[in-house]
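Secondary and tertiary structure notes
Here is how the chains run, residue by residue.
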Amino acid sequence: MKYYTGFLDYKHFMFFFGILGLPVNNLQSRSSRLTPVNQLLLTLIKLRQAKDDVELSFMFRVSEATVSKTIIKWINFLYFQLKEINIWPSQSTVQQHMPTGFKRLFPHTRVLLDATEIPIQKPSNVNSQSATFSTYKHKNTLKAMIGCTPHGCVSYVSDCYGGSVSDRQIIERSPLCKEASKYFERNDSIMADRGIMVQDVFASNNVFVNTPTMLKGKSQLEPKDVVRDRRIASKRIDIERVIGLSKTFKLLKKELAANKLTLGSRIVYICFSMTNFRPAIVNDWA
């Protein structure tokens, strides 16, 4: 069960199925041999193992067309159902579950941010090729900004953009920036990589952005800055671990087909949101 779905066992899988609520029963089609439970299983296998539709059709004894329609239907359904869950925790909740070591060094941290990219097939349109080409990955990609709490719970997943967009542009277009007063309280802080230079964006809301120190023409950093940067790096690695855990859904590593690009944002949101249904990877004393 864990290999195919990411859930620990059948009981864990059915717990997630139950969370989807009564609307799941409306997905049963008279013409389909698949029950809603099997439809969910098929979709999770597609996300988790990136199986080809033809292989899934043999596994579930249905046509390839049925597999394709089921996956599209369930990706849309899962996206809207999981969107109903508010994954952005309150300041008090973040503080309550903040690991001991994190609270000692960076007690006001509300979220850790980092960008991630998923490969896509090279678009046929020249303008689309340019918009999605990532100079970092050297291929065409979709890019999203991911946020997690100090305890490793995914708390923010942005929409996907073309791989050419910068981290700053994604944040400037996000509700974290446009509705900062809704997401942050006074003296909250954000932890991010040095490439995410958005201190000025959040300064008006009294939100501090913790990033590694830039040299700015210096030949080397001051000793105190070196110590601070090492502390940031030791804690910021948690967001990288969370992203790595979410990418055990292999569909995020496989080139997304051109006819599935419109589902890119929803696939990313589903995979990262479902990480919250698995055991935390950050210890209480981290």
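For the structure, see preceding data.
Residues numbered from 1 in each chain as written. Predicted model: local features only at pLDDT ≥ 70, side-chain atom pairs only at ≥ 80, totals over all residues. Heavy atoms only, no water.

The next thing to look at is the nonpolar core. Across soluble globular proteins, you tend to see nonpolar side chains buried next to one another. Judged by nonpolar contacts, the single largest core of 58 residues is most densely connected at F16, L40, W74 and I267. Beyond its immediate stretch of four places on either side in the chain, L40 contacts F13, F16, F17, L20, W74 and L78. Formed by 22 residues, the second largest nonpolar core is a distinct cluster that contains A180, Y183, I196 and V198. (Core = buried A, V, L, I, M, F, W, Y, C linked by side-chain atoms within 4.5 Å. Buried < 20%, exposed > 50% of the residue type's maximum accessible area, 1.4 Å probe, protein only. Contact = heavy atoms within 4.5 Å.)

Judged by which residues are buried, strand β6 (residues 189-192) turns out to be covered on both faces: S189 and M191 on one side and I190 and A192 on the other are all buried. Two strands pair when backbone bridges link them, and strand β1 (residues 109-119) and β6 are joined in this way by four bridges, in the parallel orientation. From the neighbouring strand, T109 faces β6, where its bridge partner is S189. Where β6 and strand β7 (residues 208-210) come together, three bridges link them in parallel fashion. Residue pairing for β7: M191 is matched across the bridge by N210. (Helix = DSSP H or I, 4+ residues; strand = E, 2+ residues; numbered from the N terminus. Pairing = 2+ DSSP bridges.)

With that settled, the discussion passes to the packing of aromatic side chains. Summed over the entire model, instances satisfying the criterion amount to twelve aromatic pairs. Here F184 and F202 contribute two aromatic rings whose centre-to-centre distance is 5.6 Å and whose plane-to-plane angle is 75°, an arrangement assigned as edge-to-face. Of this pair, F184 sits in the loop between α11 (180-183) and β6 while F202 sits in helix α12 (residues 199-203), and the two are 18 residues apart along the sequence. For F184, a relative accessible area of 6% translates into the label buried. For F202, a relative accessible area of 1% gives the class buried. One aromatic cluster is present, built from ring pairs that chain together F7, Y10, F13, F16 and F277. The cationic tip of R48 hangs over the ring face of F249; the distance from NZ or CZ to the ring centre is 5.9 Å. (Phe/Tyr/Trp six-rings, centres within 6.5 Å; stacked < 30°, edge-to-face > 60°. Lys NZ or Arg CZ within 6 Å of the ring centre and 35° of its normal.)

Note that every value here comes from positions in space, so none of it alone points to a role or purpose.
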